[in-house]
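# Fold and contact review
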Amino acid sequence: MGDHYEVDFVKTEYVDGKNIKENTFYTLCNHEFKEYGGFDGIKCAILSHKKDVYKVKNFGENDTSYVIEKDGVFSHGKTLKEARESFIYKISNRDTSAYENLTLDSVVTFEEAVKMYRVITGACEAGTKYFVSQLSEVKKKYTIAEIIKLTEGQYGSDSFKKFFEEK
């Protein structure tokens, strides 16, 4: 979606079944083939993978980060500790009662919108930061209806929409 890249290096390799596997997508990271990953819509190169922990480099970022996956639930963090804490938050029972009286026309600050979205959907902090960093414009205030439209297709967007439309 609007991403443009300039080719500065090309590398080829044979599919040997061990280093380069069939039916697997790869990307070049520091001139080396790394498996391509996409966790909750965040594109990355998988640097290493052990059990349910992935060390990754997100496209467009210089630093490495971590992803934890259990039973199809993903959590991201700059450190392994942050990813674990975020995973626990994501699967926990979060109190949404503070948002029960809001309607589609209710107006909240940007900061309240981020907090509310995370509480209602369980979106991890790193994934939310990534989403916000991709926005072309950030307003100071939003209606709930605007947040629903803005986050359409993102992690948890269906549960966020359902939370407000079932009233």
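A short tour of the structure in this document, coming up. (Residues numbered from 1 in each chain as written. Predicted model: local features only at pLDDT ≥ 70, side-chain atom pairs only at ≥ 80, totals over all residues. Heavy atoms only, no water.)

Looking now at the packing of aromatic side chains. With the rule as written, the count across this model stands at 7 aromatic pairs. Where Tyr-36 meets Phe-59, the ring centres are 5.7 Å apart and the plane angle is 50°; that geometry is what we call tilted. Note that Tyr-36 is positioned in strand E2 (residues 32-39) and Phe-59 in the loop between strand E4 (53-58) and strand E5 (64-70), a separation of 23 residues in sequence. Relative to Phe-74, the ring of Phe-39 has its centre 5.2 Å away and its plane inclined at 55°; by these criteria the two rings are tilted. Taken as a pair, Phe-39 in strand E2 and Phe-74 in strand E6 (residues 73-77) lie far apart in primary sequence, 35 residues in all. Using a relative accessible area of 6% as the deciding quantity, one classes Phe-39 as buried. Members of the aromatic cluster, joined through ring pairs, are Tyr-117, Phe-160, Phe-163 and Phe-164. (Phe/Tyr/Trp six-rings, centres within 6.5 Å; stacked < 30°, edge-to-face > 60°. Helix = DSSP H or I, 4+ residues; strand = E, 2+ residues; numbered from the N terminus. Buried < 20%, exposed > 50% of the residue type's maximum accessible area, 1.4 Å probe, protein only.)

Before going further, it helps to examine helix H3 (residues 125-133). Burial in H3 covers these residues: Gly-127, Thr-128, Tyr-130 and Phe-131. For H3, the angular spread of the buried residues around the axis is 160°, confining them to a single face. (Arc of directions from axis to C-beta.)

As a further point, take the packing of helix H2 (residues 110-121) against helix H5 (residues 157-165). It is the contact of H2 with H5, at a shortest axis distance of 9 Å, that shows an interaxial angle of 100°. In terms of their interaxial angle, H2 and H5 are classed as roughly perpendicular. Two secondary-structure elements touch here, H2 through Met-116, Tyr-117, Ile-120 and Thr-121 and H5 through Ser-157, Ser-159, Phe-160, Phe-163 and Phe-164. Its residues assigned to classes, the contact of H2 with H5 shows 6 nonpolar, 3 polar and no charged. (Axes fitted to C-alpha atoms, helices over the stretch in contact; angles between N-to-C directions. Parallel < 35°, antiparallel > 145°, perpendicular 65-115°, else oblique. Contact = heavy atoms within 4.5 Å. Nonpolar A, V, L, I, M, F, W, Y, C, P; charged D, E, K, R; others polar.)

Formed by 16 residues in total, the largest nonpolar core has its most connected members in Met-116, Ile-144, Ile-147, Phe-160 and Phe-164. Secondary structure elements with two or more residues in this core: H2, helix H4 (144-150) and H5. Considering every element that reaches this core, the biggest residue donor is H2, with 6 residues. Ignoring sequence-local partners within four residues, the contact set of Ile-144 consists of Leu-102, Thr-103, Leu-104, Ser-106, Val-108, Met-116, Phe-160 and Phe-164. (Core = buried A, V, L, I, M, F, W, Y, C linked by side-chain atoms within 4.5 Å.)

What follows concerns unusual backbone geometry. Backbone geometry places His-31, a non-glycine residue, at a positive phi of 65°. Looking at where His-31 falls in the secondary structure, it is placed in the loop between strand E1 (26-29) and E2. For His-31, a relative accessible area of 42% corresponds to the partly exposed category.

Taking strand neighbours across the sheet as the criterion, the 6 strands line up as E1-E2-E3-E4-E5-E6 in an open arrangement whose pairing is antiparallel. With one partner strand each, in any of the chains shown, E1 and E6 form the two edges of the open sheet. Neighbour-to-neighbour, the strand axes of the sheet open up by a mean angle of 45°, direction not taken into account. In this sheet, E5 lies alongside E4 in antiparallel orientation, the contact comprising 5 bridges. Bridged to Val-53 within E5 is Ile-68. Those strands touched by helix H1 (residues 80-91) are E4, E5 and E6, and its axis lies near 140° from that of E6. (Pairing = 2+ DSSP bridges.)

All chains considered together, the criterion is met by 0 disulfides. In this structure Cys-124 is a free cysteine whose sulfur lies 12 Å from that of Cys-44, the closest cysteine sulfur available. According to the relative accessible area criterion, Cys-124 is buried, its value standing at 2%. (Disulfide = S-S within 2.5 Å.)

Spatial relationships are all this shows, so hold off on functional conclusions.
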